[in-house]
Amino acid sequence: MGTALVYHEDMTAARLLWEDPEYVALLRGTQALGTQELQALSGQYDAVYFHPRTFHCARLAVGAALQLVDAVMTGAVRNGLALVRPPGHHSQRAAANGFCVFNSVAIAARHAKQKHGLHRVLIVDWDVHHGQGTQYIFEDDPSVLYFSWHRYEHRRFWPYLRESDADAVGQGQGLGFTVNLPWNQVGMGNADYMAAFLHVLLPLAFEFDPELVLVSAGFDSAIGDPEGQMQATPECFAHLTQLLQVLADGRVCAVLEGGYHLESLSQSVCMMVQALLGDPAPPLSGPMVPHGSALESIQSVRAAQAPYWMSLQQQGAAPVLSPSTCSPEGKPSPLLPWGPEFKAAATQTMAALSSLLDKLCLNPTPPVRTAVALTAPDAALVLPPGVLCQERSALPEEMQAWARPHKALAQDKALTALGKVLYLLDRLLDGQVSSGIAATPAPATAATLDVAIRCGLSHGAQRLLCVAVGQLDRPPDLTDDGRNLWLNIGGKEAAAPSTFHVCVPLPGTTGGFLNCVLALVLPLAYSFQPDLVLVALGPAHGLRDPQAALLTALLRGPAGGRVLALIDEESTPQLVGVLARVLHGEAPPSLGPFSMASPEDMQALMRLRGPLEPQWKMLQVAASP
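What you are looking at is a predicted structure, and each value in this text was computed from that prediction instead of being measured.

Enquirer: Residues and numbers for unusual backbone geometry, please.
Expert: For the peptide bond that leads from Arg-85 to Pro-86, omega is 5°, which places it in the cis range. Between Trp-158 and the following residue, Pro-159, the backbone shows a cis peptide bond with an omega angle of 10°. Take Pro-159: it is sitting in the loop between β4 (144-151) and β5 (178-183).

This is how it looks when you write it as structure tokens:
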């Protein structure tokens, strides 16, 4: 079983791992209280409303989270989502708060550590409100890395806490294990959320190397929600989920938190579940240009966290004055249902949600998620269930026409491999297959890649990203017309002959490789917004299997899962198998222990980024001066 959706009355039997038995007893007693007594008790807390069934529902919520963790950690399921109410991330050890009674995610983290012996748990809180309860519980605990983004507006948004700002980084042994990213303006969208993951969360998460990822999945941070007033569309949460699935061997447990616009909430939850199931995420809508305010927040949190994390120390994260230290007076005005701003926001929301549904109807999930086309069968190759072994080939006259300009494709073996590549490429472009792997003889790799680029652009791809790993030169007559972006990993030196032609040496350490992928490859890919990605592993490409798998898995996102990987026919069955698994939605294997990037790799990357940032805005990690 791959993904779990958990609900059962037996969840009330789960033992609460709570430190204050008096608080639990107090809440148990609410089952017998009358209306006036419940109102009086509710008034003792901030934004809490007790009902005779509150205790029962809150126990169900905790039980769901614990059962989900057990199912994932025992291998019964790969990942899952607990659809629960009430939410939990504001609740503290002995105080209900903000609609929350028991902190289900915090209890689940402690349960994972105690029952399953985990030493590193990552909590990602993408609810639009700061989960101060979770922060308080783990702020001195280095075994739990807590990341929260939240609407803050210079401390003018609930819960109005100084410790929700970027410079609140934990206490004692937990310094650096609390990561707050405050949004100081409303209207943050897909580009802002993706930039936060690429430039803050993921570098820290890979260095932390969690054994389990828990998500406080609040969807009041999605478009249309009257609380959040943000602009992230539902498919963004599929992309965020996919990025988390490359961590912890894919062990992701999400627990529902906030969300108050039912249509936006339902579509966002569906997008997350589809990602958990391994389906490719739909391409992100809208321009991928982060807001200046978002970049200010990213710059502040990177500066605050740099003293504690190797992955940030070499990236020039200069300290900045947090804009939150200069708080304007007053609180933000809520969107009133009868006001013109509310009506305009509602119209924009319904248009965005309708556009997503239209896009999903016009571009349904392909019937085949992954296909593999090899030059010869290999008895040692083990593929996941559902992966198609493709034997068919393009028509002979089509093969000959594409091969004619290339001497390397004149041999029968290379021509046969090209025919399978062309057939598979057509299936990707006509929506029959989502992703694929094709093998080619090593001497014909460059020529086959050239044909694949030209065929893709002539057969319907509007924007094609080619990530060529190893000693593969860009085709000399490929034009910079904005339709293709060539990125070479493994060149002799870092260079950008144009904004659509980028070369970077292959870093020699884990940290260097991750920095290359997170700070260069993915920002370029998401800025370019391709509808087809070619990943070519050339001869002597130098990537270990886990590196190749991670790169391929992460490149599923920008093009909506439409990825074709070209590999040498002499590649090991293990490499083919691991690429097939990640393209099919499984997690890549671990890269191993984290090691800092070399100064040479960091300098090369920084030299590249500066000239490219004006064209590719997702590369930015700081606001313009």
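Okay, back to it.
Enquirer: Give me the lowdown on the packing of aromatic side chains, citing residues and values where you can.
Expert: In this structure the tally under the stated criterion is 20 aromatic pairs. Geometrically, the ring pair formed by Phe-147 and Trp-149 is edge-to-face, given 6.2 Å between the ring centres and 75° between the ring planes. Each member of the pair, Phe-147 together with Trp-149, is buried. Taking the centre distance of 5.1 Å and the plane angle of 70° together, the rings of Phe-219 and Phe-237 count as edge-to-face. Within this pair, whereas Phe-219 is found in the loop between β6 (212-217) and α7 (234-244), its partner Phe-237 is found in helix α7, the two being separated by 18 residues in sequence. Neither Phe-219 nor Phe-237 differs from the other in exposure class; each is buried. Members of the aromatic cluster, connected to one another through ring pairs, are Trp-126, Phe-147, Trp-149, Trp-183, Tyr-193, Phe-197, Phe-219 and Phe-237. Above the face of the Tyr-423 ring, Arg-427 is positioned so that its terminal group lies 4.6 Å from the ring centre.

Enquirer: Please give an account of the sheet that holds strand β12 (residues 484-489) that cites residues and values.
Expert: The strand order across the open sheet built from nine strands is β9-β8-β10-β16-β15-β11-β12-β14-β13, with neighbouring strands paired in mixed fashion. Two strands bound the open sheet, and with one partner strand each, they are β9 (388-389) and β13 (495-498). Two elements, strand β8 (residues 368-373) and strand β10 (residues 433-440), share five bridges in a ladder whose sense is parallel. Among the inter-strand pairings, Ala-371 is bridged to a residue of β10, identified as Gly-436.

Enquirer: Can you lay out the pairing of β6 for me, pointing to particular residues and giving the numbers?
Expert: Within β6, six of the six residues are buried, which leaves the element mostly enclosed by the surrounding structure. Residues of β6 alternate between two faces, with Leu-212, Leu-214 and Ser-216 on one and Val-213, Val-215 and Ala-217 on the opposite face, all of them buried. Bridging between strand β3 (residues 121-125) and β6 involves five bridges; their strand directions are parallel. By the bridge assignment for β6, Asp-125 is matched with Ser-216. Relative to strand β7 (residues 252-256), β6 is paired through five bridges, and the arrangement is parallel. Opposite Val-213, over in β7, you have Val-252 as the bridge partner. In this fold, β6 hands off to α7, which returns the chain to β7; that crossover is right-handed.

How each quantity is defined
Sequence order as written defines residue numbering, which begins from 1 separately in each chain. pLDDT decides what is reported in this predicted model: residues at 70 or higher carry local features, side-chain atom pairs at 80 or more are listed and counted, and totals for whole chains, interfaces and linings draw on all residues regardless. For side-chain calculations, the full set of non-hydrogen atoms in the structure is used, while hydrogens and water are omitted. Secondary structure elements follow DSSP: runs of H or I no shorter than four residues count as helices, runs of E no shorter than two count as strands, and numbering proceeds from the N terminus. Pairs were defined over the aromatic rings of Phe, Tyr and Trp, the Trp ring being its six-membered one, requiring ring centres within 6.5 Å. Orientation was assigned from the angle between planes: stacked under 30 degrees, edge-to-face over 60, tilted for the rest. Between buried and exposed lies partly exposed: a residue is buried under 20% and exposed over 50% of the maximum accessible area for its type, with that area taken using a 1.4 Å probe on protein chains only. Definition used: whenever NZ (Lys) or CZ (Arg) falls within 6 Å of the ring centre and also within 35 degrees of the ring normal, the charge is taken to sit over that ring. By the convention used here, strands pair only if DSSP detects at least 2 bridges between them. We call a crossover right-handed when, viewed with the strands running away from us, the connection from the first strand over the helix to the second turns clockwise.

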